Amino acid sequence: MTYVCLTDADREEMLKTIGASSVEDLFRDVPAGVRFDRPLDLGDPLTEQEIVERLEELAGRNVHAGEEISFVGAGVYDHYVPAVIDAILQRGEFLTAYTPYQPEMSQGILQAIFEYQTVICELTGMDVSNASGYDGTTVAADACYIAKHATGRTKIVLAETVNPQVRQVVRTYAPGFGMEVVDVPHRDGVTDPDELRAAAEGAACVIFQQPNFFGCLEPAPDLAAAANDAEALPVAHVDPVSLGVLEAPANYGCAIAIGEGQGAGNPLSYGGPHYGFIAARAEFTRRMPGRIVGETTDVAGQRGYVLTLQTREQHIRREKATSNITTNQTLLALGGLINLCWLGPEGLREQAETCMALAEHTKGRLELPLLFPEQTTFKEFAIRVGRSAQDAIREARTRGVNPGYPVGRDYPGMDDAILVAVTERRTLDDIELLAEALAE
Amino acid sequence: MKLVFEKSRPGRRAGRVPRPAEVTPPAVPDGLRRQRPARLPELPEIELVRHFTELTTRNFGIDTGFYPLGSCTMKYNPRVNERVAALPGFRDLHPHQDEDGAQGALELMHDLQEMLAEITGLDAVSLQPAAGSQGELTGLMLMRAYFADRGEGDRRRTIVVADTAHGTNPASVTMAGYELQKVATDPRGNIDLEDLRTKVDESTAGLMLTNPSTLGLFDEHIEEVSRIFHQVGALLYYDGANLNAVCGISRPGDMGFDIVHINLHKTFSQPHGGGGPGGGPIAVRDRLEPYLPVPAVIRDGNRFRMDYDRPKSIGKVRAFTGPFGVFVRSYAFMLAWGRELRTMSEDAVLNANYLLARLKEAYELPFDRLCMHEFVLSARNLKREHGITALDVAKRLMDYRFHPPTIYFPLIVPEALMIEPTETETKETLDAFSDAMLAIAREAAEEPETLKNAPHNRPVGRLDEVKAAKRAIVRYRFEDHPDLSAEPTAATAGEGPKGV
């Protein structure tokens, strides 16, 4: 009963004003046959102190990234989250606001989203970004929906090197869109542009990932060109941290850039909430899903911001909307904005270079064969441990090191491969401990 | 106020990244290397903090004041929820951690599933959907899978949606590949049963309904509605946006619904963060359980694990098991209430009816019934008599330091003002809001220009939304500000010292 605000005296007075005899009387429109006639089986109410104790007990049974030396990535990364992010995001004016439907009450959030959209456009080279999608998987489905309406085609081409969860989500959404999915297999860890070109014939879009799920750098400009040759929209799924050193997707011909924002500004949080980003060339502005903030002026000519282009959206357009998305991930996206402002252009480049350098160093320290030795990698790479990856991971964890993600979980025949992620949070000592743990 | 980009100066910076001297990055292959860095702002950390702090002063949240935004359930977001969500065992837990290193997280999710099953009166829960609208889409995907499995996939083509529905309902119908069939509302605010009977047949896949509806009214014929659909083998989907009205009072499963989504950011206090995150778990009857997204979080004796072995599953609708941080907050909130959760809904309904009683003389009430957790008034009397619109009323409320209600929704009520106070407001707050609404109704007659020009004390005046859509400036246009870096920093006008 921690959050009750009314006293019995209040209730009595309010019922008198209403003209009702009791609280029960207020529910007279609920038919007797559907009334719930027992207390909910939800346990005794707890005090705040008891809640904290219960949650501490549960949290204590998890092994978090601070309790072992973790090289686990595979889509979610242990990058450093600066203190300023929490300080700002915990302010009640941001934390406890709803979607900014009334702009004069919400200039703070609206301007921040406008700044977020700008930063995403800068990273990707695109012209328009929305205020965020749910995560790095659902924005891929969003891109397919844009492509279907922009091209009138229904085939989705997915590189097999795209994060398996992204591929699963696209497959789940596709039947409702009336679309079908075609996979393009990898060749030695990357996608072959000629194979992609053949598959892209008659397709609405082609989705590839840079760096790909195995950490390898794809020949992204060639893949985009292959899609463009077939007049399918090239969609790049990109890691925002990598864009400190890697070319912006718009600059090698992509129509749409999407990605998982978590690594830029969000904690791991067991997989969410995080933010997905989606940005596109100007010609797709009116096909974008979800909220978009635009600049305008007030009655005195002063600059201000509002939700705009709303004739795309569900609350205006209903069954003809470009998407059903309503709630998005604004607060997490603002974490991304603050993170990128905190780093600045130099900091983002340095973060990308440190990850890349540490990962390359790790490859050298592990006396194990690489799964794809020919490829350049970014912050993640796959190794072969010569036995069950699951067993190797379990054993290494008993030594306080979690070496990574078992690739065989998603790719049959790679049961001896571990995907190792190295962020700027890992030290040279950590890497030595990893090498020792895997040498056993 | 300046944008963060307009405060940037080359060479300034906040964060630094470790650069171990012993290692060097490999060369990025030609053609893949970035040619021009992103124009991220360059500011020292103090300027960054001041920038975002100033933005917060130009924003309004529940922590700032009363926020009766109808259908959004803007209740207090307990601070303890933030504390527990930030425990390292939750916040720093990798989603690919082995199950034996995530037993606490899995138990929390399993507990939450059981609580939501009890509250909704249904059998199985998936926590995966990221928000209510994704819960809707997931629910419709379940219907597709269910009917396909029964060999009725081609025949079941339409979804019936009430004309009072949230826009997400029809949008989800289209995205799921179904055809929309609209049903009218009767003079008491219930579904029009006669109209409904003409629209439901063997080609119907299901119904999507909010109950209480977006008018804040409980459908008095819900049992008959349910019968009409189940008789033809169709399914009923419950949009849980208004669940705050009925917890412990009436359960969707008992009303006849087969699939329900729950908005954790409404009923269960997850803060909405200016647009998200949210959480949209779905609860279903047992015959739909085989189709739920993977993985399912299940209990094996004393151990919890993820079950991917669900051959009939629709697949995945987002990454991992859902927005876990949201689960922690909502779970903490539910522990605080426990079996007394019914009081939450009772007080929400009492608060709404009290406001309604105080306001119905000054504003039109299109459906004169007791309301549930929210109600819809119409400002059409003010429009007819004084030329004052619902928008004017909303903007004027800002001058009284209240967030406006939802306006112009539901669509069937002209000049609609949709008001939802929630249970976490005192009688004094409700009285102050009522006094403001009544004062505005008087002002409409006495000084309409004050309303038409409102708001008067916000950081900006009334904004031109048409111009925004026409211009479509959706990012900072660096190209329009070529000499930005030459612009001097504004000096603060100084007086004498006022402290040391």
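Residues numbered from 1 in each chain as written. Chains lettered and ligands numbered in written order. Predicted model: local features only at pLDDT ≥ 70, side-chain atom pairs only at ≥ 80, totals over all residues.

Thoughts on the overall build of chain A
Looking only at helices and strands, chain A features 13 helices and 14 strands. Overall, chain A is about 80 × 50 × 50 Å in size when its C-alpha atoms are taken along their principal axes. Within the span of chain A, comprising 440 residues, buried residues form 64% of the whole. Considering only intrachain contacts with a sequence separation of at least 6, the fraction spanning at least 24 residues in chain A is 72%. (Helix = DSSP H or I, 4+ residues; strand = E, 2+ residues; numbered from the N terminus. Buried ≥ 20, exposed ≤ 12 C-beta atoms within 10 Å, placed from the backbone. Contact = placed C-beta atoms within 7 Å.)

As for the overall build of chain B
Broken down by element type, chain B carries 16 helices and twelve strands. For a compact globule of 500 residues, the expected C-alpha radius of gyration is about 23 Å, and chain B comes in at 26 Å, within 12% of that figure. The principal-axis extents of the C-alpha atoms in chain B amount to approximately 80 × 70 × 45 Å. Restricting to contacts in chain B with at least 6 residues of sequence separation, those with at least 24 account for 71%. (Rg over C-alpha atoms; globule rule 2.2 N^0.38 Å.)

Points about the domain arrangement of chain A
When the parts come together, some accessible area is lost, and that loss is often what is quoted as the size of the interface. Residues and elements named next belong to chain A. Once the domains are mapped, chain A shows domain 1 (69–79 + 345–439) and domain 2 (85–337). For domain 1 versus domain 2, the separation of C-alpha centres amounts to 27 Å. With 25 residues of domain 1 at the contact, the number on the domain 2 side is 21 residues. Of all the secondary-structure elements, those providing two or more residues to the side of domain 1 that touches domain 2 are helix H11 (330–365) and strand S11 (380–384). A total of seven residues in the side of domain 1 that touches domain 2 trace back to one element, the largest contributor, which is H11. When the residues that make up the side of domain 1 that touches domain 2 are grouped by side-chain class, the tally is twelve nonpolar, six polar and seven charged. (Domains from an automatic or database assignment. Nonpolar A, V, L, I, M, F, W, Y, C, P; charged D, E, K, R; others polar.)

Observations concerning the interface of chain A and chain B
If you look at the interface, chain A gives 170 residues, while chain B gives 181 residues. The leading source of residues in the side of chain A that touches chain B is H11(A), at 23 residues.

Some details on the pairing of strand S5 (residues 203–210) of chain A
Walk down a regular strand and you will see the side chains alternate between the two sheet faces. Residue and element names in this part refer to chain A. In terms of residue burial, S5 counts as a mostly covered element, since eight of its eight residues are buried. Bridging between strand S3 (residues 155–159) and S5 involves four bridges; their strand directions are parallel. The residue of S5 that forms the bridge with Ile-156 is Cys-205. Pairing geometry for S5 and strand S6 (residues 233–238), over six bridges, is parallel. (Pairing = 2+ DSSP bridges.)

What to know about helix H8 (residues 222–231) of chain B
Residue and element names in this part refer to chain B. For H8, every residue scored as buried is listed here: Ile-222, Val-225, Ser-226, Ile-228 and Phe-229. Summarising the axial view, the buried residues of H8 lie within an arc of 155°, below the 170-degree limit, and thus occupy one face. Residues of H8 that are exposed and point more than 90 degrees away from the buried face comprise Arg-227 and Gln-231. Downstream of H8 by a residue or two, Gly-233 has a phi angle that is positive, lying close to 80°. (Arc of directions from axis to C-beta.)

So, the environment of B:Arg33
With respect to the helices and strands, the residue B:Arg33 is situated in the segment before helix H1 (45–57). Filtering out sequence-adjacent residues up to four positions away, B:Arg33 remains in contact with A:Val245, A:Glu247 and B:Val28.

Observations concerning the packing of helix H2 (residues 48–60) of chain A against helix H4 (residues 103–120) of chain B
Two elements in contact, H2(A) and H4(B), have axes whose closest approach is 6 Å; the angle formed by their N-to-C orientations is 130°. Classified by the angle their axes make, H2(A) and H4(B) are oblique. Contacts from A:Leu58, A:Ala59 and A:Gly60 in H2(A) reach B:Gly104, B:Glu107 and B:Leu108 in H4(B). Looking at the contact of H2(A) with H4(B) residue by residue, the class counts come to three nonpolar, two polar and one charged. (Axes fitted to C-alpha atoms, helices over the stretch in contact; angles between N-to-C directions. Parallel < 35°, antiparallel > 145°, perpendicular 65-115°, else oblique.)

A word on the environment of B:Glu220
When you line up the elements, B:Glu220 lands in the loop between strand S4 (204–209) and H8. Judged by the 18 C-beta atoms lying within 10 Å of it, B:Glu220 falls in the partly exposed class. Taking C-alpha positions, B:Glu220 is 49 Å from B:Gly101, a pair spaced 119 residues apart along the chain. Setting aside anything within four residues of it in sequence, one finds B:Glu220 in contact with A:Asp29, A:Pro31, B:Arg188 and B:Asn190.

A short note on unusual backbone geometry
A:Gln210 connects to A:Pro211 through a cis peptide bond whose omega is -15°. With respect to the element layout, A:Pro211 can be found in the loop between S5 and helix H9 (220–229). At the junction of B:Ala454 and B:Pro455, the peptide bond is cis and its omega measures out at 0° in the coordinates. If you trace the backbone, B:Pro455 turns up in the loop between helix H15 (448–452) and helix H16 (465–471). In the Ramachandran plot, B:Ser71 falls in the positive-phi region, its phi being about 75° despite a non-glycine side chain.

Topic: the sheet that holds S5(A)
All names here are of chain A. The seven strands are arranged S2-S8-S7-S6-S5-S3-S4 in an open sheet whose pairing can be described as mixed. Pairing within the sheet leaves two strands with one partner each, and these edge strands are strand S2 (128–129) and strand S4 (180–184). In this sheet, S4 lies alongside S3 in parallel orientation, the contact comprising five bridges. Among the inter-strand pairings, Lys-155 is bridged to a residue of S4, identified as Glu-180.

Observations concerning the packing of helix H5 (residues 132–149) of chain B against helix H6 (residues 168–175) of chain B
Residues and elements named next belong to chain B. The interhelical angle for the contact between H5 and H6, taken along N-to-C directions, is 45°, at an axis separation of 9 Å. Classified by the interaxial angle, the pair formed by H5 and H6 is oblique. In this structure, the crossing between H5 and H6 has a hand that is right-handed. Along its contact with H5, which presents Gly-132, Ser-133, Glu-136, Leu-137 and Leu-140, the element H6 presents Thr-168, Asn-169, Ser-172, Val-173 and Met-175. In terms of residue class, the contact of H5 with H6 is made up of four nonpolar, five polar and one charged. (Left-handed = near helix turned anticlockwise from the far one by under 90°.)

As for H1(B)
The terminal C-alpha atoms of H1(B), which comprises 13 residues, lie 18 Å apart, in line with the 18 Å expected from a rise of 1.5 Å per residue. Of the positions making up H1(B), those classed as buried are B:Leu48, B:His51, B:Phe52, B:Leu55 and B:Thr56. The buried side chains of H1(B) occupy one side of the element, clustering within an arc of 140° when seen end-on. Against helix H3 (83–89), helix H4 (92–95), helix H5 (107–124) and H11 of chain A lie the buried residues of H1(B). (Expected span 1.5 Å × (residues − 1).)

Quick look at the sheet that holds S11(A)
Residues and elements named next belong to chain A. The strand order S11-S14-S13 describes an open sheet built from three strands, whose pairing is antiparallel. Where the open sheet ends on each side, the last strands, each with one partner, are S11 and strand S13 (405–406). Inspection of the sheet shows S11 paired to strand S14 (residues 417–421) by five bridges, in the antiparallel sense. Residue pairing across strands places Phe-381 opposite Val-420, the latter belonging to S14. Along the sheet, helix H12 (residues 389–398) contacts S13 and S14; its crossing angle with S14, the most-contacted strand, is approximately 50°.

Concerning the nonpolar core
All names here are of chain A. Membership of the largest hydrophobic core comes to 305 residues, with the highest contact counts inside it found for Ala-143, Cys-144, Cys-205, Ile-256 and Ile-418. The greatest single-element share of this core, amounting to 17 residues, is contributed by H11. Built from parts of two domains, this core gets at least three residues from each of domain 1 (69–79 + 345–439) and domain 2 (85–337). (Core = buried A, V, L, I, M, F, W, Y, C linked by C-beta atoms within 7 Å.)

Focus: the pairing of strand S9 (residues 303–307) of chain B
Residues and elements named next belong to chain B. Summarising the sheet, strand S8 (residues 296–300) and S9 pair through five bridges and their orientation is antiparallel. Its bridge partner being in S9, Asp-300 is matched across the sheet by Arg-303. Between S8 and S9, which follow one another and run antiparallel, lie two residues, and Gly-301 among them has a positive phi close to 65°.

Observations regarding the confidence of the model for chain B
Residue and element names in this part refer to chain B. On average, residues of chain B score 95 in pLDDT, and 96% of them reach the 70 mark or higher. Segment residues 485–496 is flagged for pLDDT under 50; beyond a separation of four residues in sequence, or across chains, it makes two contacts in the model. Quick note on the complex model: pTM equals 0.97, ipTM equals 0.98. (pLDDT = per-residue confidence, 0-100.)

Digging into the environment of B:Arg91
Note that B:Arg91 resides in helix H3 (residues 88–91). Look at B:Arg91 and you get buried, because 23 C-beta atoms sit within 10 Å. Setting aside residues up to four positions removed in sequence, B:Arg91 forms contacts with A:Pro267, A:Ser269, B:Ala85 and B:Ala86.

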